[in-house]
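A structural walkthrough
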Amino acid sequence: MKKLVKLVKVNNLEYNVNRDPAVYRRCANENFRIQALVDGSGQVKCKLTDTTGKVINEQSVNAPGTYTHEVSYPTPGVRVVTLNVEGNGDKYALDIRLDVMEHAWEG
């Protein structure tokens, strides 16, 4: 049986919860690019939500294909978004940590 989501990327790098979050950091008002490579066939529903359950983005993707969404935040801090993918009778969910810096490192 094939997995519904083959790969999740943040800022064009494979997302790994054990990787140092500094790898994915962005400054305020810079976009985070979230991508999910979906497998299978037919329509797959992809949804990105915040911790309160508010939908940030929702779209349908023809599988096999790629869901892509860019999101930015105006203030520094840590955000957690959840990527939900449903299709072919299967469900997938992943919490993604997004670190926003006030400004770029100097030096």
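Residues numbered from 1 in each chain as written. Predicted model: local features only at pLDDT ≥ 70, side-chain atom pairs only at ≥ 80, totals over all residues. Heavy atoms only, no water.

To continue, consider the side chain of N11. Here N11 is to be found in the loop between β1 (5–10) and β2 (13–14). Overall, the relative accessible area of 10% leaves N11 in the buried class. For N11, the contacting residues outside a window of four places in its chain are Y24, R26, N31, F32 and R33. (Helix = DSSP H or I, 4+ residues; strand = E, 2+ residues; numbered from the N terminus. Buried < 20%, exposed > 50% of the residue type's maximum accessible area, 1.4 Å probe, protein only. Contact = heavy atoms within 4.5 Å.)

The next point concerns the pattern of salt bridges. With the rule as written, the count across this model stands at 4 salt bridges. Its salt-bridge partner being E58, residue K45 comes within 3.0 Å of it at the nearest N-O pair. Remark: E58 occurs in strand β5 (residues 55–71) and K45 occurs in strand β4 (residues 32–49); sequence separation between them is 13 residues. Given a relative accessible area of 41%, K45 falls into the partly exposed group. By sharing partners, the salt bridges in this structure join R25, R97 and D99 into a single network. (Salt bridge = Lys/Arg side-chain N within 4 Å of Asp/Glu carboxyl O.)

This next bit is on the environment of Q35. Tracing the backbone through its elements, the reader meets Q35 in strand β4. Through-space distance from the C-alpha of Q35 to that of V78 is 19 Å; in sequence the pair is 43 residues apart. Setting aside chain neighbours within four positions, we find Q35 in contact with L7, V8, K9, N12, T66, Y67 and T68.

Here we take up the nonpolar core. Counting residues in each nonpolar core, the largest one holds 25 residues, and the members touching the most others are V38, L83, V85, I96 and L98. Contributions of two or more residues to this core are made by β1, β4, β5, β6 (77–87) and β7 (90–101). By residue number, the principal contributor to this core is β4, which donates 7 residues. (Core = buried A, V, L, I, M, F, W, Y, C linked by side-chain atoms within 4.5 Å.)

Before going further, it helps to examine the environment of Q43. Note on placement: Q43 falls in strand β4. The residues touching Q43, leaving out its near neighbours within four places in the chain, are S60, V61, N62 and G87.

Our next topic: the packing of aromatic side chains. Given two aromatic rings, their pairing is described by the distance between the two centres and the angle made by the two planes. Within this structure, the stated rule accounts for 1 aromatic pair. Ring plane angle 40 degrees and centroid distance 5.3 Å describe the contact between Y15 and Y24, whose orientation is recorded as tilted. (Phe/Tyr/Trp six-rings, centres within 6.5 Å; stacked < 30°, edge-to-face > 60°.)

In this section: the pairing of β5. Where a strand is regular, its side chains alternate between the two sheet faces. The sheet contact formed by β4 and β5 spans 15 bridges and is antiparallel. Across the sheet, the residue bridging to V44 is V61, located in β5. Here β4 hands over to β5 after 5 residues, with G53 in that stretch at a positive phi of 95 degrees. (Pairing = 2+ DSSP bridges.)

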